[in-house]
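Understanding the architecture of this molecule
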Amino acid sequence: MLATHGIVLDLIRTRRATTRSEIMRVTGLSRSTVAQRLERLLESRLICEADSGDSTGGRPAGHFCLNNAYGALLVVDAGATSMRLALTTLTLEIRLEREIAHAIEKGPDETLALIKQALAALLLEAGIEGGDVAGIAMGLPGPVEFETGRVVRPPIMTGWDDYPIVETLRQAYDCPVIIDNDVNLMALGEYRTARAQVQDLLYIKMGTGIGAGIIMEGRLQRGARGSAGDIGHLMIETDTPTQPAAPCRCGKRGCLEAYASGWSLVRTLREQGHMVDSAQAIVQLSKSGDAQAIEALRQSGKRLGLAASYAVSLLNPAVVVLGGTLIEGQDECVAAFRETLYQRSLPLATRDLKVEISHLGRRAGIMGATHLIIDHLLDPERIDRQLS
C-alpha cells in the first residue's frame with residue numbers, strides 16, 4: 001500500500017486504524033514515516049488526538065480522530081415546498097438546523113437568495129465566520145447532472161434549467177460546492193448513517209413529488225448522466241378511448257406522479273371538495289379519519305408499489321426504504337405499497353426483501369449531504385494535493 005497522507009487520513013476516518021501502531025501494521029510504513037504523516041495531518045487540523053479539546057468520541061490518549069473543529073459544513077435539502085438547512089461538522093454532528101417553507105418553483109434567484117440568507121444566519125448564530133466554511137452540499141428535487149452541478153430540464157423547477165447554482169453559492173462562500181438530486185442524498189444518508197450493513201438499498205421518497213435513490217454494492221448509483229432513480233415519471237397509465245391518462249407536471253401523461261404524488265392527491269381531493277394544499281395537509285386529513293383522504297393514500301401506495309416492483313425485479317435490493325411526507329404514520333399507504341410490491345415483483349427478488357420506514361425521517365437529506373461533502377473534502381487524492 002502506498003500510504004500517502006490521504007490514505008492515512010482515510011484509515012483514521014473509517015476507524016480501520018487510529019493509532020500509530022495500527023497505522024504501521026496496516027500500511028507497513030516505518031514509525032518515522034507514520035510520525036511524519038500524522039504530524040502533517042495534525043498541522044492541517046484535519047485530525048487531532050482523541051483526548052484533545054477538539055475531539056469527540058471519548059477515545060483514550062494515543063488515538064487519532066477527525067477534528068470536529070475543522071471548518072464548518074453547510075448542507076441544504078431543498079424539496080418542492082420546503083427546505084431543511086443545517087450546520088454540520090466532519091464528525092457528522094448537526095450543530096444547528098432549520099426548516100423553511102418555500103416553493104422551489106419560485107425560481108433560482110429567489111430560492112438561492114433565501115438559502116444564502118438562511119445559511120448566513122446559521123453561521124452568525126454559531127459564531128462562525130464565512131471564511132471558515134469548508135464546503136457546501138445541496139440536494140434539489142429534480143434531475144441533476146452531477147459533474148456540473150446543474151439541473152437539467154426539471155419538471156417542477158421553473159427557471160432552474162442549466163442555472164449556475166455552484167457559481168452563485170461560491171460568490172458567497174469560497175469553498176467546494178456540490179449539488180445532487182435530493183433523493184440521492186436521502187438514500188446516501190440512510191445508508192451511511194443507519195443501514196451500513198445493507199449493501200443494496202432502494203430509497204423511495206413519497207412527498208409532493210416521487211423519486212428513488214439507489215445504493216448498489218455500497219455505492220450511490222447516479223447513472224450515466226445523473227438521472228438514475230427518477231421513477232416518478234415512469235408511465236403507469238395510457239390513454240383509452242373513453243379516458244385520457246392524467247396529465248403530469250413534466251408535460252406528459254400517465255406518469256406515476258400524476259396519480260400517486262402529493263401534488264396529484266391535492267388535485268384529486270380538491271376536486272372532491274376538500275380544501276387541501278399540500279401533502280402534509282392530506283396526511284392530517286387522513287389522520288382525522290376522512291375516508292376519501294385515506295383511500296387516496298391507499299391508492300397512492302398501490303400505484304407506487306406497482307412502479308417499485310419494476311425496480312425491485314431489476315435491481316434486487318435487500319431493503320426498500322420509504323421516506324417522505326405521505327408515509328408519515330400512514331399505515332394504509334404503506335400496507336398497500338407492500339401488498340402490491342410483493343404481488344408484482346419476481347419471487348426471487350422478494351424472497352428476503354424487507355420494506356421499512358426511514359430511520360432518519362426528515363433528516364435523511366441533510367445527513368446524506370453531509371456525507372457527500374465530507375467524501376469530497378477528504379478524498380485521498382484531494383488531500384494529497386492539498387498537503388503536497
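Here, the structure is the one placed above.
Let us look at the structure shown here. Residues take numbers from 1 onward in each chain, read along the sequence in its written order. Where totals are concerned, whole chains, interfaces and linings use all residues; where local detail is concerned, this predicted model gives features only for residues with pLDDT of at least 70, and gives and counts side-chain atom pairs only at 80 or more. Hydrogens and waters are ignored; side-chain quantities use all the structure's heavy atoms.

1. Focus on the overall build of the chain
Of the regular secondary structure elements, the chain holds 14 helices and 14 strands. The globule rule is 2.2 Å times the number of residues to the power 0.38, and the radius of gyration it is compared with is taken over C-alpha atoms. The C-alpha radius of gyration of the chain comes to 23 Å, within 12% of the 21 Å expected for a compact globule of 388 residues. When the backbone C-alpha atoms are referred to their principal axes, the chain occupies close to 80 × 50 × 40 Å. For each residue, the accessible area found with a 1.4 Å probe, counting protein chains only, is set against the maximum for its type, and the residue is called buried under 20%, exposed over 50%, and partly exposed in between. With 388 residues in all, the chain has 53% of them scored as buried. Segments assigned H or I by DSSP are reported as helices when at least four residues long, segments assigned E as strands when at least two residues long, and all are numbered from the N terminus.

2. Things to note about the packing of aromatic side chains
What counts as a ring pair is set by centres within 6.5 Å for rings of Phe, Tyr and Trp (its six-membered ring), and what kind of pair is set by the plane angle: stacked under 30 degrees, edge-to-face over 60, tilted for all other angles. Overall, the coordinates contain one aromatic pair when judged by the stated rule. Geometry around Phe-146 places Arg-222 over its ring, the cationic atom sitting 3.6 Å from the centre. By definition, being over a ring means that NZ of Lys or CZ of Arg is both within 6 Å of the ring centre and within 35 degrees of the ring normal.

3. Some points on empty space enclosed by the protein
Both site types are read off a 1 Å grid over the protein atoms alone. A 1.4 Å probe that fits but cannot get out defines a cavity, while an open set with protein on both sides within 12 Å along at least five of seven lines defines a pocket; lining residues have an atom within 4 Å of a point. Grid points are joined across faces, edges and corners, and a volume is the space filled by probe spheres set on the points. This structure, assessed with the given rule, holds one cavity of 30 Å³ or more. Taken as a whole, the largest cavity holds about 310 Å³ of empty space. Considering the residues around the largest cavity, the lining is formed by 24 residues, among which Pro-141, Gly-142, Asn-181, Ile-210 and Asp-230 are closest to the centre. When residues of the lining of the largest cavity are traced back to their parent elements, those giving at least two are helix H6 (182-194) and strand S11 (210-216). For the lining of the largest cavity, the per-class residue count stands at ten nonpolar, ten polar and four charged. Asp, Glu, Lys and Arg are counted as charged, while Ala, Val, Leu, Ile, Met, Phe, Trp, Tyr, Cys and Pro are counted as nonpolar; the rest, among them Gly, fall into the polar class.

4. Comments concerning the pairing of strand S4 (residues 82-88)
For a regular strand, the rule is simple: side chains alternate between the two faces of the sheet. Within S4, six of the seven residues are buried, which leaves the element mostly enclosed by the surrounding structure. Pairing analysis gives six bridges linking strand S3 (residues 72-78) to S4, with the strands arranged antiparallel. Residue pairing in the sheet places Val-75 in a bridge with Ala-86 of S4. Strand pairing requires that DSSP identify at least two bridges connecting the strands. If you look at the hairpin formed by S3 and S4, you'll find three residues sitting between the two strands. The pairing of S4 with strand S5 (residues 94-101) spans seven bridges and is antiparallel. By the bridge assignment, Ala-86 is partnered in S5 with Glu-97. What sits between S4 and S5 in their antiparallel hairpin is a turn of five residues, with Leu-92 showing a positive phi close to 70 degrees.

5. Considering the pattern of salt bridges
We define a salt bridge as a contact between a side-chain nitrogen of Lys or Arg and a carboxyl oxygen of Asp or Glu at a distance within 4 Å. One pass over the structure, following the stated rule, counts 18 salt bridges. Here Arg-84 and Glu-99 are joined by a salt bridge, their closest N and O atoms 2.6 Å apart. Taken together, the residues Arg-84 in strand S4 and Glu-99 in strand S5 connect sequence positions 15 residues apart. Arg-84 gets classed as buried once you look at its relative accessible area, which sits at 14%. A salt bridge links Arg-192 to Asp-375, with the shortest nitrogen-to-oxygen separation between them at 2.7 Å.

6. A closer look at helix H1 (residues 5-13)
The element H1 is extensively covered by neighbouring structure, given that seven of its nine residues are classed as buried. Three or more residues of H1 are buried, namely His-5, Gly-6, Val-8, Leu-9, Asp-10, Leu-11 and Ile-12. Contact criterion: two residues are considered in contact whenever any of their non-hydrogen atoms come within 4.5 Å of each other. In the core, the buried residues of H1 are packed alongside helix H2 (20-27), helix H3 (31-43), strand S1 (47-49), strand S2 (64-66) and helix H14 (380-387). Trailing H1 by a residue or two, Arg-15 shows a phi angle of about 65 degrees, which is positive.

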